[in-house]
Amino acid sequence: MNGIRQIWRVACYEWFDALRSRRALVVLLLYMTAAVCTMHWSINLLHRMEKELATMLQLPQSEQAGVVSTALWKSKQFQRIMKNVTQNDLVLRDLTGKHPVELIYAWFAFFYTPMLVVLVAGNRIAEDIGSGAVRYVIFRTSRACWSVGKFAGQVIMIGLALLLSGIGAYAVAKYRLAGSGTPDLLLNILQWSLRAWIYSIPYLGLAMGLSHLTRSASKATIMGIIAITFCFVISIVIRHFTTDDGWRAYLPYLGVLVPDDHKMYLWRSAAAPLATGFTYLVTLGFCYLLAGYAFFRKRDV
């Protein structure tokens, strides 16, 4: 219990420091801007597509987007396209019938969250090591509690930022799209924010784990960007060798170590795959973090 109390105190101080330095406001604005801008851009693209479709079919033009997209989603041709994109019949079945707006938000949230995580939190441990601030902390708590507490503070901050960015995205959709102001859509978008938050945890653990290895905040950020890029490349390579024989047939088993390999669990609706994805991703986050801590715990600060 004493260790949990120390972790909570470090996490609370991480929040206090973020509020004092206005870094929390920057994080919130960064996520909010990403969500609002991507939603606005997506709706513009959707509106142009609907106008071209209405012209082709000689339908009356609409001033708002979203009139045709819901019917388009239910067509067999569009579902065939989505099947090729998802390459998973179970995921396609769970996504069928959902509003296109929430799927647009979900795709962008899963796309930009890993990079934003590295940019806003990848240097937090390296900053304290480089400035020497960690020396005053480890007299009052253990290095393990300090590392986990910093990680927990950033997890909570990113979760709040994603929650508020989901509300901002819904506000744009409510204003721009026809028939999208229902409370159900808000709840669904917030649900995707929660799933994107879970997806961010292993990338946060990876970035903060690497941050233990250097005293330079800029180097920590660069290493984090390189690491997540490497993860995406590895996931593509693994998918490429899925059907190969011989020694290459064993490469897909390495996917268990890459967050992107477990992403599709979070696109499911059933409780069992969601719980599986949550377990894999949170475990990976802590494994990445503790791998960096293993180097740091015997290091002279």
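Residues numbered from 1 in each chain as written. Predicted model: local features only at pLDDT ≥ 70, side-chain atom pairs only at ≥ 80, totals over all residues. Heavy atoms only, no water.

## Description of the overall build of the chain
And then number 1: Looking only at helices and strands, the chain has 12 helices and 0 strands in total.
And then number 2: Taken from N to C terminus, the helices and strands of the chain fall in the order α-α-α-α-α-α-α-α-α-α-α-α.
And then number 3: Across the chain, every contact between residues at least 6 apart in sequence was considered, and the portion connecting residues at least 24 apart equals 77%.
And then number 4: Summed over all atoms, the accessible surface of the chain reaches about 16,100 Å², with 67% contributed by carbon and sulfur. (Helix = DSSP H or I, 4+ residues; strand = E, 2+ residues; numbered from the N terminus. Contact = heavy atoms within 4.5 Å. Areas by Shrake-Rupley, 256 points an atom, 1.4 Å probe, with all protein chains shown as cover.)

## Description of the pattern of salt bridges
And then number 1: Tallying each qualifying case throughout the model produces 5 salt bridges.
And then number 2: The salt bridge partner of Lys263 is Asp260, with a shortest N-O separation of 3.2 Å.
And then number 3: Owing to a relative accessible area of 10%, Asp260 belongs among the buried residues under this scheme. (Salt bridge = Lys/Arg side-chain N within 4 Å of Asp/Glu carboxyl O. Buried < 20%, exposed > 50% of the residue type's maximum accessible area, 1.4 Å probe, protein only.)

## A closer look at helix H12 (residues 271–296)
And then number 1: Taking 1.5 Å of rise per residue, the 26 residues of H12 would be expected to cover 38 Å, and the 37 Å separating its terminal C-alpha atoms lies within 8% of that figure.
And then number 2: Within the span of H12, buried status applies to Pro273, Gly277, Leu281, Val282, Leu284, Gly285, Tyr288, Leu289, Gly292, Tyr293 and Phe296. (Expected span 1.5 Å × (residues − 1).)

## Examining a nonpolar patch on the surface
And then number 1: A contiguous nonpolar patch, built from Leu254, Val256, Leu257, Tyr265 and Tyr280 and spanning about 440 Å² of accessible area, is present on the exposed surface.
And then number 2: By relative accessible area, Tyr265 is classed as partly exposed at 31%. (Patch = residues over 30% accessible without salt bridge, like charges linked within 9 Å, V, L, I, M, F, W, Y side chains within 5 Å.)

## Describing the environment of Ala11
And then number 1: By the secondary structure assignment, Ala11 is in helix H1 (residues 2–20).
And then number 2: When the C-alpha atoms of Ala11 and Gly153 are compared, they prove to be 4.2 Å apart, with 142 residues separating the residues in sequence.
And then number 3: Those residues in contact with Ala11 that sit more than four places away from it in its chain are Gly149, Ala152 and Gly153.

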